[in-house]
Amino acid sequence: MGVQGLTTLVEGNRQLFQDVKFRDSRLVIDGSSLYFRLYFTHGFDQQHGGDYDAFACLLTDFFSALAACNIQPYVVLDGGMDPSDKKFSTLRQRLQSKIREANNLCHGRNGSVLPLLTRDVFIQVLIQRGVPLVQCPTEADWEIACLAHQWSCPVLSNDSDFYIFDLPGGYLPLSFFQWTNLSGKASQRYISARCYTTNHLCSWFGIMSCELLPLCAVLTGNDYSTPKEADTLLAMLDGSASRRGGGRGRGRAHNSRAETILLWLASFSNVAEALEEVSMLMGEEGAQGKRGKKGGLTSKLWAGMQEYHINPRSSLARWFSGGKAPGGQASGLAQLPECLLVAAAEGLLAPSVVDALVMHRVLLVPQVEDSKTASSHCASRAIRQVLYGILLLGAQDNVPQGTGGGAQQVKGPRGEVQTQDIRLQENIGQGARGGRGRGGRGSGGRGQGHILPTQQGMHVAFSMEKAAGAATMQAQGFSTPICVEEYDRCDLNLNKNQVEAHPPRNHVPLDRLCQAPVAVRLGVLLEVLGVKESALAPVPLHLHLAIAVTGFWMREATPTPSQPELQALVLGMVCGELSCINHAGAVSKLNWVAERKVWTGLDRQRVRRGERRGMDIRAAHSFSQWQACLWSALCLNQLLLLPLPEPLLSWLFCGTLVHGLLRYLKGGQSAESILTGGHFSWQLYSSLLDAVRNCSFKANPSSSASGRKRRGRGRGGRGGRGGGAHGVGRDTEDINNRFSLLMSGEEFYYD
């Protein structure tokens, strides 16, 4: 959530904290706050798509520091959107802001945008280290407070709401948590921190009861908005406080909004008295009568205060003790089968998947890309359409009928039902691309979309594929097209698009997903990506998904990725594999002197911090499309219960490395030159590049979305056939044997 101005007020008063030597304790960690703060405060790359390897190393250091101090972390992550929609307006405003900040970064100006896969890297590190974690059904703040209250241990976060929750173990702000500088003897290590409790704040302002603090949060304003009448009330508070003689002014000439309210609250002994005064000031009838003609401000305030009411029995405590996954009817997760409920709680089902199911709505994260072209997420729409189809096109009693499209399930920011024709609400970016989506449902494939100008001078996709898609859905028993609202960038604006759910050819309903064999689930995934399993045979298993996605990207990205862009991406994967082998200590199985030389040469090409070279916007957009494809494929793979292992993202992609390698190749150097002497590295590079080439041709041309793209390419015009790819595939058996040896103990390889 977050209370406006409260962090500045509290952290500016040293007296509100107690210095502690923190050790030998449980610690409930706000996961979202942690990965945001660690990524941004350590100066990791935002322009080029993320420094995931360096971020993963920092996370490892962080949890190692906790272990050295005998601190047991329990990480709690935010889940999907609140079904009540009370925060939706705030979320849209933040997305719009991030679109503009991403554009600023793209043009060398200031901005702050978290790279797309940062959260996924964070979860992978937690799982690798065995750190207990849980993903909540919706926002995690309240659940974190309940868990910490039951365990009487502190909360580590950067969220000002924890200045309001009454926590017996206190709140440790991340800004004062000095984990990089451990103190004490080896057996008595501790982390210097500052601990806050609500008693400190109440004592400082002379507030008689901590139960009054939630009223301060609601009046001051949080992410769940503030009643409009609160502004009117605030204008009256100074005079009221002085008349009542309450508060301790501390000699300040000008108070912040939060401080003004805290001073006013010092006039009351309990919540009832404060609300009675609100009723009087606002001209409402007394507390025993109707709550006022303006909609009852006191009732609204009381309802808002319940967000801070702690349940003494936490559902998360049961989860961490081996109990059932959190969630229930109120969260909407009851629609998920048990196996997916557990996956969601384990952080192995993305919140966006839950949002698509519960809200029929997905917010797509802005990336640093070319704002003059379609959003990078357009390239991966076909993947998400099938994901939506699996979620929403199950048993008919779960599919709303009669109002057309998905609009019947989607409400606007103020609860109004959107009933516009979905045919006229397709993504503008989709129109510019001639339509994205799955092909071959029933008869025929996708056709090239026809672009018609609207009265506003914009473009809307109005494709012949729609009639065929609707007919196929009807033939499969889906009488009404179902859509998901996607919020994505269009130019520099946040745009709402109705995206139709498409079932895969071999449709597996959601309620039968847990019983479906692995082969069936894998078949669905490979069908969506347009890849034959045989094309992935030369590739190490842990890279199957990444290579399949790269082939998909080669077909679907606009403009088509260049040969140097593909080579740079694959070289980055080779560098990551060498880093992983070195980290795992498997170097004795290779000629490591030669391979280390290759590894060092690759790593040397990184774009270093402070380099002033201009941003390659085309490359940024291309690699952002690759990340968008990978992210959507990860979501689908998770929904299908991981028929393919997830690649280790921290070793798979590093934006500064890939951009630097692209610069190296575009400068006239060849891939061969940087791999010279590394037999294993060259074999791996050749094998991956050849597999991408094979995957970039649709496995089933009759159902191909690629058939709709007419860019004048010949059959041999796809990347991977040119320079750097000669000799590819000659050692595929050898490369597989090498990886079988290196990965003979899988847990060792990924350690």
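Everything numeric in this text was worked out from a predicted model, so none of it was measured.

Caption draft 1: Region of the structure containing helix 22 (residues 592–603). The end-to-end C-alpha distance of helix 22, which contains 12 residues, comes to 16 Å, matching closely the 16 Å that a straight helix rising 1.5 Å per residue would cover. Within helix 22 the residues assigned to the buried category are Trp592, Ala594, Glu595, Val598, Trp599, Gly601 and Leu602. In this structure, the buried side of helix 22 is in contact with helix 21 (563–584), helix 25 (655–666), helix 26 (671–675) and helix 27 (679–695).

Caption draft 2: How the structure looks around the packing of helix 19 (residues 518–529) against helix 23 (residues 617–639). Relative orientation of the contacting elements helix 19 and helix 23 amounts to 160°, with a least axis distance of 10 Å. Relative to helix 23, the element helix 19 lies roughly antiparallel. Crossing of helix 19 over helix 23 shows right-handed handedness. For the pair helix 19 and helix 23, contact is made by Leu525, Val528 and Leu529 and by Ala633, Leu636 and Asn637, respectively. By residue class, the composition of the contact of helix 19 with helix 23 is 5 nonpolar, 1 polar and no charged.

Caption draft 3: A look at the pattern of salt bridges. As enumerated under the stated definition, the model contains 18 salt bridges in all. In this structure, Arg606 and Asp53 form a salt bridge, with 2.4 Å as the shortest nitrogen-oxygen distance. In this pair, Arg606 is assigned in the loop between helix 22 and helix 23 and Asp53 in helix 3 (residues 52–68), connecting sequence segments 553 residues apart. Between Asp690 and Arg693 there is a salt bridge, with its nearest N and O atoms 2.4 Å apart. Separated by 3 residues within a single helix, Asp690 and Arg693 lie in helix 27, roughly one turn from each other. Connected via shared salt-bridge partners are Asp53, Asp603, Arg606 and Arg608.

Caption draft 4: How the structure looks around the environment of Gly347. Locating Gly347 in the fold gives a position in the loop between helix 14 (338–345) and helix 15 (351–358). Residues Gly347 and Asp78, 269 residues apart in the sequence, show an inter-C-alpha distance of 9.6 Å. Other than its neighbours up to four places away in sequence, Gly347 contacts Ile123, Gln135 and Gln638.

Caption draft 5: Up close: the packing of aromatic side chains. In the structure shown here, the tally under the stated rule is 28 aromatic pairs. On the basis of an interplanar angle of 90° and a centroid distance of 4.7 Å, the ring pair of Tyr163 and Tyr196 is categorised as edge-to-face. Pair noted here: Tyr163 is in the loop between strand 5 (155–157) and strand 6 (171–173) and Tyr196 is in strand 7 (residues 191–196), with a separation of 33 residues, a long-range link. By relative accessible area, Tyr196 is classed as buried at 1%. Aromatic pair Trp264 and Phe268: ring centres 4.9 Å apart, planes at 75°, arrangement edge-to-face. Classification of Trp264 by relative accessible area gives buried; the value is 1%. Overall, the relative accessible area of 1% leaves Phe268 in the buried class. Three or more aromatic residues joined by ring pairs make a cluster, and in this case those are Phe17, Phe162, Tyr163, Phe165, Tyr171, Phe176, Tyr196 and Tyr308. Between Arg194 and the ring centre of Phe176, over which it is positioned, the NZ or CZ distance is 4.4 Å. Taking the ring centre of Phe88 as reference, the NZ or CZ of Arg361 above it sits at 3.7 Å.

The rules we used
- Residues numbered from 1 in each chain as written.
- Predicted model: local features only at pLDDT ≥ 70, side-chain atom pairs only at ≥ 80, totals over all residues.
- Heavy atoms only, no water.
- Helix = DSSP H or I, 4+ residues; strand = E, 2+ residues; numbered from the N terminus.
- Expected span 1.5 Å × (residues − 1).
- Buried < 20%, exposed > 50% of the residue type's maximum accessible area, 1.4 Å probe, protein only.
- Contact = heavy atoms within 4.5 Å.
- Axes fitted to C-alpha atoms, helices over the stretch in contact; angles between N-to-C directions.
- Parallel < 35°, antiparallel > 145°, perpendicular 65-115°, else oblique.
- Left-handed = near helix turned anticlockwise from the far one by under 90°.
- Nonpolar A, V, L, I, M, F, W, Y, C, P; charged D, E, K, R; others polar.
- Salt bridge = Lys/Arg side-chain N within 4 Å of Asp/Glu carboxyl O.
- Phe/Tyr/Trp six-rings, centres within 6.5 Å; stacked < 30°, edge-to-face > 60°.
- Lys NZ or Arg CZ within 6 Å of the ring centre and 35° of its normal.

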